[in-house]
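Summary of the model geometry
These are the residues of each chain, in order.
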Amino acid sequence: MNTSPPRGTRDFFPEDMRLQSWLLGHFRESARIFGFEEYDTPVVESEELYVRKQGEEIVDQLYTFEDKSGRRLALRPEMTPSLARLVIQRGSAIALPLKWFSIPQCWRYERMSRGRRREHYQWNVDIFGVEGPAAEIELIAVLTTFFGRVGIASEDVIIRVSSRRILEAVLADAGVSEELYVPVCLLVDKLEKIPREEVESQVRELGIDPEIVGRIIDVVSLDSLEAVASEVDEERAGIADVRELFALAKSYGVADWLRFDPSLVRGLAYYTGLVFEAFDRGGDLRAICGGGRYDRLLSNFGGKDIPACGFGFGDAVIVELLKDKQLIPDPAPDHVDDVVFAFSEELRSHAMAVAARLRAGGRAVDLVLERGKRMKWAFRHADNVGAARLMLLAPDEWERGAVRVCDLESGQEKEVALDAIT
């Protein structure tokens, strides 16, 4: 029998779990201090929730199955559709603005590479009910707060910013039909992954005139907001939103993290405005995280639209970056306050009672369960688990109604009456 986990997934041994808990703890705390509330949904959802967005890679990457009642189900590949389902459930009863976050386990059957797995945890932070860039800059501030907490600075990470509306404006000016917007966006999103010539070829295969294709690529390859603004209708392209975002970034003190990049469109079809992605400045890794505005999300699932934006942040790429920067911590094992050890079999039941008394008082207690161990072993075991005290139940002390308490930091020992043990 192969004892390895399925390809693309991972086991978490206690030392791995300590690191994972440290990382997810920083995710959780970074959202909490900005006033976000945590939620969750089932890891299994209706397949229909994801196949609505035909043409996206995610549809081909689903882990799907049929249950015993014939329902088509899927392991969730992302959290945003599930969030949309929750918001629609509450309807008009939901209090806005909504500021929620989650850290779900997600699944995608995709080609693996460094920082890309088929199973991962993804930190999602979303705001519903707020129009304009004030919401996006709040999300970016949450991101930079997290980076700072784990030792990452703006010299290490760049957050690229653009608007999906820029490309839409270029396409509209060129007379390209709305049906082609999403397919073109998906191809432009590949500009940094495959050669420009290949992107141009694939866009032409959509039936778009070669001259228009060149125009599209030229505009999204410009390196400044003003240069783009001179090439498009500013109102239609959402240039004012981009300008406001950068102005707000100065107020938040995060301007050093941002760079305008018109080629950024994000691959998911539901984005409608500002988009952003974080990358390591060295360019050695894939995107660390990304998000943007999706004001028309809910109508995709039969609901009434609400202004909304959010981001997703996987746990895999950031760990690779932390390794590169030598910022991976070595979290200590979970804290044990006391080890309780009985010298003899006759005292085992009394040791259980002492452990129960300590636990009822809120202390973390490791009761020695093995038989036949000696006191020297008990001291070594207590040191290995990082205990503060070793509680020894020896026949003589127990006859006097006491327990010997060893302070493992100071090395001092004393007898403590059973009814005084805390």
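Residues numbered from 1 in each chain as written. Predicted model: local features only at pLDDT ≥ 70, side-chain atom pairs only at ≥ 80, totals over all residues. Heavy atoms only, no water.

As summarised here, the arrangement of the five strands in space is S14-S13-S15-S16-S17, forming an open sheet in which the pairing is mixed. Since the sheet does not close on itself, it has two edges, and those belong to strand S14 (365-367) and strand S17 (413-417), each with one partner. Going from strand to strand, the sheet's axes swing by 25 degrees on average, the running direction of each strand aside. Relative to S14, strand S13 (residues 338-342) runs parallel, the two being bridged by three bridges. Note on S14: the bridge partner recorded for Val-340 is Leu-367. With respect to the sheet, helix H14 (residues 348-360) is in contact with S13, S14, strand S15 (389-393) and strand S16 (402-407), its orientation differing from that of S14 by roughly 170 degrees. (Pairing = 2+ DSSP bridges. Helix = DSSP H or I, 4+ residues; strand = E, 2+ residues; numbered from the N terminus. Axes fitted to C-alpha atoms, helices over the stretch in contact; angles between N-to-C directions. Contact = heavy atoms within 4.5 Å.)

Strand-to-strand pairing in sheets goes through backbone hydrogen bonds, with the strands running parallel or antiparallel. If you trace the three strands from one edge of the open sheet to the other, you get S2-S4-S3, paired in antiparallel fashion. Looking at which strands have only one partner, the edges of the open sheet turn out to be strand S2 (44-46) and strand S3 (63-66). On average, each strand axis in the sheet is inclined to that of its neighbour by 35 degrees, with strand direction left out of account. Looking at chain direction, S2 and strand S4 (residues 72-75) are connected through three bridges and run antiparallel. Pairing of Val-44 across the sheet is with Leu-75, part of S4.

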